[in-house]
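Examination of the molecular architecture
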Amino acid sequence: MAGGKIQKKRHQQAPPPQQQRWGGGVPFEKSKGQHILKNPMLVDTIVHKSGIKPTDVVLEIGPGTGNLTKKLLEVAKSVVAVELDPRMVLELNRRFQGTPHSNSLKVIQGDVLKCELPYFDICVANIPYQISSPLTFKLLAHRPAFRCAVIMFQREFAMRLVANPGDNLYCRLSVNTQLLARISHLLKVGRNNFRPPPKVDSSVVRIEPRRPLPPVSFKEWDGMVRLCFNRKNKTLGSIFKQKSVISLLEKNYRTLQALQLNNKSQLEEDKVSLEDVAVLADMVEDLSMGNSEEKDDQEMEAEDMDMVGEDGNDTSFKAIVLGILKQGDFAEKRAAKLTQVDFLYLLSLFNKAGIHFS
C-alpha cells in the first residue's frame, strides 16, 4: 500500500489435534478416549433399547457433558454417573443444577476401574475404548447382579464379544464373556456420530448376566480356555502333546493329589466366587483382525521338538491326557470351533480324571 505500512495479520495458534474445543465448551481430549455422542436420535435409540423402568437406578460410565445423562434422567428413578475428568464433572453439575432432575443425579468423580460401584439395575455407557475388557469383567463380577448393561464399544471388540464358534473373531474373550452373560449386538454406530470423531466405528451391545452362574470354577475354566486358544486353529491333540503343557498339567495333578484338594467338596468352595470371576479381567486380548497362520505354523514346528517323546518320563501321563481327548472326541477338534457346551464337557472330563488347570 503506497505511503503506508503493510500490517501483518497475527494468526492464532490452533489447538493440538488431540485437544479440540467443540461448540466453545470444554475441550475434549482424544488421548483420554473422550468422544461425545452428538446424534440426538442415536441417544434416544440407546435409551429405548436399554428397557429402563421408572423404578430403575441407572449407572452411567463416562457421561461427558451429559447428552445421554439428560435422557436417562427422564426415564429412570435416578442416575449415578462415574466420570474421571474433573472438568466434565463440573460441566455436568452446572448443566443440571436447578433443574427438576438435579436431585436424581449423583456424580462420582474417579476411575471406574478403581472405585467401588454402588447398587444399580442397568448400566448405560459410552466408554473409553481402552478400558473395554477390564470394565466388562468388573461389571460381570459386580454383586448384586444387575439386570442388563447397554454399552458402546469399539466395533471390533463388540464383534468379538458376540462372535460364534467358527467366526474369524471368535476368541478367548468371546468364550469367557458368553460363559457369564448373554450378549447381543444392538446397532452399529458410525464414527461421524461423535465429536471429535474417533478413527474407528463403534457398536452398541446388550449384556445380560446369567442367573444362576454356571457351576464351574472360573479359574479352572480360564486356565483351560487360555491353553486351548493359545493357537485356536491347531487341533487340541497337537496343543496337549506339547511338553510344556504336559508338565504343567502333571505338576497340578501331583500337587493336588499330595494336598488332597481334588475332592468334590473342596472344588465346590471355588465355584461362583467373585474373586474367581475377577481373574478373567486380567486377560489381555489381541484386537488385530488377522490370524497369523504362517507365524503360528512356524512356532508350532519349533515346539514340536518339545513334545513328549515315546521314551520320556512323562509318557504315562501323556497317555492319560490324550486318552481324555479321545474319550470326548476332542483330539482332532479346534478351539476356534468349540461351543460353550464343548468346553464345559472337556473341562468335566479332565476334572473327573483329577486333572486341573489352576
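Computed from a predicted structure; not experimentally measured.

Cut-offs used in this document
- Residues numbered from 1 in each chain as written.
- Predicted model: local features only at pLDDT ≥ 70, side-chain atom pairs only at ≥ 80, totals over all residues.
- Heavy atoms only, no water.
- Pairing = 2+ DSSP bridges.
- Helix = DSSP H or I, 4+ residues; strand = E, 2+ residues; numbered from the N terminus.
- Axes fitted to C-alpha atoms, helices over the stretch in contact; angles between N-to-C directions.
- Phe/Tyr/Trp six-rings, centres within 6.5 Å; stacked < 30°, edge-to-face > 60°.
- Buried < 20%, exposed > 50% of the residue type's maximum accessible area, 1.4 Å probe, protein only.
- Lys NZ or Arg CZ within 6 Å of the ring centre and 35° of its normal.
- Core = buried A, V, L, I, M, F, W, Y, C linked by side-chain atoms within 4.5 Å.
- Contact = heavy atoms within 4.5 Å.
- Right-handed = clockwise from strand over helix to strand, strands pointing away.
- Polar contact = N/O pair within 3.5 Å; in protein donor to acceptor, adjacent residues only side chain to side chain.
- UniProt positions renumbered as here; feature names shortened; annotations may be inferred.

**Side note on the sheet that holds strand S9 (residues 181-189)**
- Ordered by their spatial adjacency, 7 strands build an open sheet running S6-S5-S4-S7-S8-S11-S9, and the pairing between neighbours is mixed. Whereas interior strands pair on both sides, the edge strands pair on one side only; in this sheet they are strand S6 (105-109) and S9. Adjacent strand axes in the sheet meet at a mean angle of 20 degrees, parallel and antiparallel pairs treated alike.
- Pairing between strand S4 (residues 57-61) and strand S5 (residues 78-83): 5 bridges, direction parallel.

**Considering the packing of aromatic side chains**
- Evaluation of the coordinates by the stated rule reveals 9 aromatic pairs.
- Measuring from ring centre to ring centre gives 5.0 Å for Phe153 and Phe157, while their planes differ by 50 degrees; the resulting arrangement is tilted. By the burial criterion, Phe153 is buried, and Phe157 matches it.
- With 5.2 Å between their ring centres and 85 degrees between their planes, Phe350 and Phe357 make a pair best called edge-to-face.
- Residue Phe357 is classed as buried on the basis of its relative accessible area, which comes to 10%.
- Taken together, the ring pairs connect Tyr170, Trp221, Phe229 and Phe343 into an aromatic cluster.
- Residue placement shows Lys333 over the ring face of Phe330; its charged tip is 5.3 Å from the ring centre.

**Some remarks on helix H7 (residues 218-228)**
- Taken across its 11 residues, H7 has 9 buried, putting it largely inside the fold.
- What H7 keeps buried is the set Phe218, Glu220, Trp221, Asp222, Gly223, Met224, Val225, Leu227 and Cys228.

**Some thoughts on the nonpolar core**
- The biggest cluster of nonpolar side chains holds 67 residues, and the ones touching the most others in it are Phe240 and Phe343.
- Per-element accounting of this core gives the leading share, 6 residues, to H7.
- Sequence-distant contacts of Phe240, that is, excluding residues within four places in its chain, are made with Leu227, Cys228, Val245, Ile246, Leu249, Val321, Leu325, Phe350 and Phe357.

**Points about the pairing of S4**
- With 5 of 5 residues buried, S4 lies mostly within the body of the structure.
- Residue alternation in S4 divides its side chains into two sets, Val57, Leu59 and Ile61 and Val58 and Glu60, and both sets are buried.
- Handedness of the β-α-β unit built from S4, helix H2 (residues 67-75) and S5 comes out right-handed.

**Regarding the side chain of Arg206**
- Mapping Arg206 onto the fold places it in strand S11 (residues 202-209).
- On the basis of relative accessible area, Arg206 is assigned to the buried category, the value being 19%.
- A polar contact of 3.0 Å, which involves the side chain of Arg206, links it to the backbone oxygen of Lys49.
- Apart from the residues within four sequence positions on either side, Arg206 is in contact with Lys49, Ser50, Cys148, Ala149, Val150, Arg182, Ile183, Ser184 and Leu186.

**Here's the deal with the side chain of Ser174**
- The residue Ser174 is located in helix H6 (residues 172-180) in this model.
- Judged by its relative accessible area of 0%, Ser174 falls in the buried class.
- At 2.5 Å, the side chain of Ser174 forms a polar contact with the backbone oxygen of Arg160.
- Beyond its immediate sequence surroundings of up to four residues, Ser174 is in contact with Arg160, Leu161, Ala163, Leu169 and Gln340.

**Topic: the UniProt feature "binding site: S-adenosyl-L-methionine" (unreviewed entry) in the protein**
- Summarizing the sequence annotation, UniProt attributes the feature "binding site: S-adenosyl-L-methionine" (unreviewed entry) to His35, Leu37, Gly62, Glu83, Asp111 and Asn126 in the numbering used throughout.
- On the basis of relative accessible area, Glu83 is assigned to the buried category, the value being 8%.
- Beyond its immediate chain neighbours, meaning those up to four positions away, Glu83 contacts Gly62, Pro63, Gly64, Met88, Val89, Ile108, Gln109 and Gly110.

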